[in-house]
Amino acid sequence: MSRLLLKDVLKIYPYTRVSGIFGRKKAREALEREKLNPYTTNEGVVAVQKFNLEVEDGEFIVLLGPSGCGKTTVLRMIAGLEDISSGEIYMDGVLTNDLNPEHRDIAMIFQNYALYSHLTVYDNLAFPLRNLHIPRDEVDRMVLSTADNLNLTHLLGRLPRELSGGERQRVAIGRCIVRNPKIFLMDEPFSNLDAPLRRKLRVVVKNLHKKTGTTFIYVTHDQFEAFSLADRIVVMRDGIIEQTGTPRELYNEPANLYTATLVGSPRMNIFNNAELDYVSNSSNRWTVNVLGNKYPLSESMTRGFSKDLNGAAVTLGIRPVHVQVSSNSDSSAGSGIPAKVLYTEHMGSETHIYMEVNDLEVIAVQPSVNPQYSAFHRGQSVFISFQMQKVHLFDRDTGSRI
Ligand SMILES: Nc1ncnc2c1ncn2[C@@H]1O[C@H](COP(=O)(O)OP(=O)(O)OP(=O)(O)O)[C@@H](O)[C@H]1O
Ligand SMILES: [Mg+2]
């Protein structure tokens, strides 16, 4: 069992104190820099706040967010390497705030891993176990099973310098997981490897999770990594959770504009100047006005709408795969909005079409098999239309989903 609960966790890093002869000037400069952080208090920089998360036994959680949003800080607090300023962390119902890292039964792997260069793969894997004074045959069993899980069995006799980058990284993972920790924390473990290797190691991690059933918490700022690994993704910004959900939920029902534009590639098209209208005499009661056109909204989308929303200023989002492009105005999806092709990108199975509408850039993604899409050229006049059941509406002021 390894359930984890974080309750209202807060982390404030105190402002830098510099002493010595130039201390005052340096301290003033550091303070000015640190005050630029989005959240500060009298005591220091707020790195993480209002962090609430419940992780189920055996779940694979990914923390996703840009640099500086507090991902590493959260992992370090779970591991006990960083004190928490307030809030509670429970493991299997037991409060662990004051528990030393070595008593938490948590393993953590960092971006900059290091292997013992004078030890073989076998001894690198056995090292953490020997430190725990585990009997020799038990060590042997655990090392062999870990090596098997990570496909390292044929490399056990080699030294780190005789391994490829990916193999070395697998050994580093093995060294962390070999003692069967309750929770496995990974902080951007593959960020210094090239893309094909990252993809390979993703599969290794996925298989490892399946075989061991351990609870994993994995940090990344790469949405593809997050999508391929996670049971649930925690989207973070400036130390706050913006949304927690399955990859499907984040993609299909982003809770706010932030998640909507963070998740999905190419990025969701955003139109800030949209307006909702209530039409009482037609069967489709709600419409949205955008780019000078009025579009009816589906009944399922507007079921919960209150009349107050009539005339509301909204932001409309539509993913590029839900934008249709045609070279004549009366396309099958209704009347089109005139647009100009800026450029196209052929990505193999799909073509990305970048267009301009009223000085706004609009991206459409279409299957390349249709020769019409590959034939678009720069400056060509086209017409776009939206799959209306796929639009996302957000409050223009708060950015929350309507
Ligand atoms: N020891 C520290 N002292 C003061 N501020 C810190 C310290 N460590 C981190 N911070 C600040 O806390 C915030 C969160 O940092 P953190 O390292 O958790 O971000 P991150 O999401 O892991 O970023 P990255 O993706 O770049 O690794 C940042 O604003 C950072 O400047
Ligand atoms: Mg980090």
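Values in this document were obtained by computation on a predicted structure and should not be read as measured data. Sequence positions are assigned chain by chain, starting from 1 and proceeding in written order. Chain A is the first chain written and ligand 1 is the first ligand written, with later ones labelled in order. Given that this is a predicted model, residues contribute local features only at a pLDDT of at least 70 and side-chain atom pairs are listed and counted only at 80 or more, while totals for whole chains, interfaces and linings are drawn from all residues. To get the side-chain values, take all heavy atoms of the structure and skip hydrogens and water.

Colleague: Hey, could you go over the overall build of the chain for me, with residue numbers and the actual values?
Modeller: Helix and strand content of the chain: 11 helices and 22 strands. Dimensions of the chain, computed from the C-alpha atoms along their principal axes, are close to 80 × 55 × 45 Å. Within the chain, contacts between residues separated by at least 24 positions form 68% of all contacts whose residues are at least 6 apart in sequence. Entry remark: accessible area of the chain is about 20,400 Å², with carbon and sulfur atoms responsible for 48%. Under this rule, positive means Lys or Arg and negative means Asp or Glu; His and the chain ends count for nothing. Charge placement uses NZ in Lys and CZ in Arg. For Asp and Glu, CG and CD serve respectively. Each charge class in the chain was averaged separately, 45 positive and 45 negative side chains, and the resulting centres sit 3 Å apart. Working definition: helices are DSSP H or I runs of at least four residues, strands are E runs of at least two. Numbering for both runs from the N terminus. In what follows, a contact means two residues having at least one pair of non-hydrogen atoms within 4.5 Å. Only the protein chains shown count as cover for residues, and the accessible areas themselves come from Shrake-Rupley with a 1.4 Å probe.

Colleague: Which residues make up the domain arrangement of the chain, and what values go with them?
Modeller: Residue ranges assigned to each domain were obtained from an automatic or database domain assignment. The domain architecture assigned to the chain consists of domain 1 (54-262) and domain 2 (269-395). The straight-line distance from the C-alpha centre of domain 1 to that of domain 2 is 40 Å. Counting residues at the interface gives 8 residues for domain 1, matched by 6 residues for domain 2. Carbon and sulfur atoms supply 66% of the area buried between domain 1 and domain 2, which totals about 590 Å² over both sides. On the domain 1 side of the interface with domain 2, the three residues burying the most area are Tyr251, Leu257 and Ala260, jointly 69% of the side's total. Here a polar contact means two N or O atoms within 3.5 Å. Within protein one must be a hydrogen donor candidate and the other an acceptor candidate, and residues neighboring in sequence count only if both atoms are side-chain atoms. At the junction of domain 1 and domain 2, the tally comes to 1 residue pair in polar contact (both at pLDDT 80 or more). At the level of secondary structure, the elements contributing two or more residues to the side of domain 1 that touches domain 2 comprise helix H8 (247-252) and helix H9 (257-262). Residue composition of the side of domain 1 that touches domain 2, grouped by class: 5 nonpolar, 3 polar and no charged. A simple way to read buried area is as the amount of 1.4 Å-probe accessible surface that goes missing from two parts once joined, with both sides added. Residues are sorted three ways: Asp, Glu, Lys and Arg are charged, Ala, Val, Leu, Ile, Met, Phe, Trp, Tyr, Cys and Pro are nonpolar, and all the rest, Gly among them, are polar.

Colleague: Tell me about the pattern of salt bridges, and name the residues and values.
Modeller: Take a side-chain nitrogen of Lys or Arg and a carboxyl oxygen of Asp or Glu: if they are within 4 Å of each other, that pair is a salt bridge. Following the criterion strictly, the structure yields 12 salt bridges and no others. Ionic pairing is found between Glu82 and Arg76, a salt bridge with its closest N-O pair at 3.0 Å.

Colleague: Please set out the packing of aromatic side chains residue by residue, giving values where relevant.
Modeller: Within 6.5 Å between ring centres, the rings of Phe, Tyr and Trp (the latter by its six-membered ring) count as paired, and their orientation is classed by plane angle as stacked under 30 degrees, edge-to-face over 60, tilted in between. The full count for this structure, using the stated rule, is 10 aromatic pairs. Geometrically, the ring pair formed by Tyr116 and Phe127 is tilted, given 4.5 Å between the ring centres and 45° between the ring planes. Placement of Tyr116 in the loop between strand E6 (106-109) and helix H3 (121-131) and of Phe127 in helix H3 is noted, with a sequence separation of 11 residues between them. On the basis of relative accessibility, which here comes to 32%, the residue Tyr116 falls in the partly exposed class. Working definition: with a 1.4 Å probe on protein chains only, accessible area under 20% of the residue-type maximum means buried, over 50% means exposed, and in between means partly exposed. The class of Phe127 is partly exposed, set by a relative accessible area of 30%. Look at Phe190 and Tyr218: their rings are 6.4 Å apart centre to centre, the planes differ by 55°, and that puts the pair in the tilted class. Residue Phe190 is located in the loop between strand E7 (183-187) and helix H6 (195-212), and its partner Tyr218 is located in strand E8 (residues 215-220); the two are separated by 28 residues in the primary sequence. With respect to class, Phe190 is no different from Tyr218; both count as buried.

Colleague: Outline the sheet that holds E6, supporting the account with residue identities and numerical values.
Modeller: Taken in spatial order, the 6 strands make up an open sheet running E6-E7-E8-E3-E9-E10, and their pairing is mixed. Each edge of the open sheet carries a strand with a single partner, namely E6 and strand E10 (240-245). The mean inter-strand angle of the sheet, taken between neighbouring strand axes irrespective of direction, is 15°. DSSP bridges decide pairing: two strands pair if at least two such bridges lie between them. As paired strands, E6 and E7 are joined by 4 bridges and run parallel to one another. Throughout, an axis means a line fitted to C-alpha atoms (over the contacting stretch in the case of helices), and angles, computed between N-to-C directions, take values from 0 to 180 degrees.

Colleague: If you had to explain H3 to someone new, which residues and values would you point to?
Modeller: Every buried residue belonging to H3 is among Val121, Tyr122, Asn124, Leu125, Ala126, Pro128 and Leu129, and all of these are buried. Just downstream of H3, His133 is the residue with a positive phi angle, here 55°.

Colleague: Which residues make up unusual backbone geometry, and what values go with them?
Modeller: Cis peptide bonds are those with omega within 30 degrees of zero, and the linkage from Ser265 to Pro266 qualifies with -5°. Secondary-structure assignment places Pro266 in the loop between H9 and strand E11 (269-278). A positive phi angle, close to 50°, is found at Asp92, a residue other than glycine. Its place among the elements puts Asp92 in the loop between strand E4 (86-91) and strand E5 (94-95). For Asp92, a relative accessible area of 24% puts it in the partly exposed group.

Colleague: Go over the site of ligand 1, please, and point to the residues and values.
Modeller: For ligand 1, the full set of nearby residues is Tyr13, Asn37, Ala47, Pro66, Ser67, Gly68, Cys69, Gly70, Lys71, Thr72, Thr73 and Glu188. Within the backbone of Cys69, an N or O atom sits 3.2 Å from an oxygen atom of ligand 1. Taking 640 Å² as the accessible area of ligand 1 by itself, protein coverage stands at 63%. Counting residues per element, the shell around ligand 1 draws most heavily on helix H2 (residues 71-79), at 3 residues. Counted by class, the shell around ligand 1 contains 4 nonpolar, 6 polar and 2 charged residues. Being near a molecule or strand, for a residue, means having at least one of its heavy atoms within 4 Å of it.

Colleague: Break down the sheet that holds strand E13 (residues 293-296) for me, citing the residues and quoting the values.
Modeller: If you walk across this open sheet you meet the 5 strands as E13-E12-E11-E14-E22, and the pairing is antiparallel. Across the chains shown, the open sheet's two edge strands, defined by having one partner strand only, are E13 and strand E22 (392-395). Adjacent strand axes in the sheet meet at a mean angle of 40°, parallel and antiparallel pairs treated alike. Two elements, strand E14 (residues 313-318) and E22, share 4 bridges in a ladder whose sense is antiparallel. Paired with Val314 across the bridge in E22 is Asp395.

Colleague: Can you tell me about the side chain of Gln223, naming the residues and giving the values?
Modeller: On the secondary structure map, Gln223 appears in helix H7 (residues 223-229). Taking the relative accessible area as the measure of exposure, Gln223 reaches 15% and is therefore buried. Within the local environment of Gln223, its side chain forms a polar contact with the backbone nitrogen of Gly264, the two atoms lying 2.7 Å apart.

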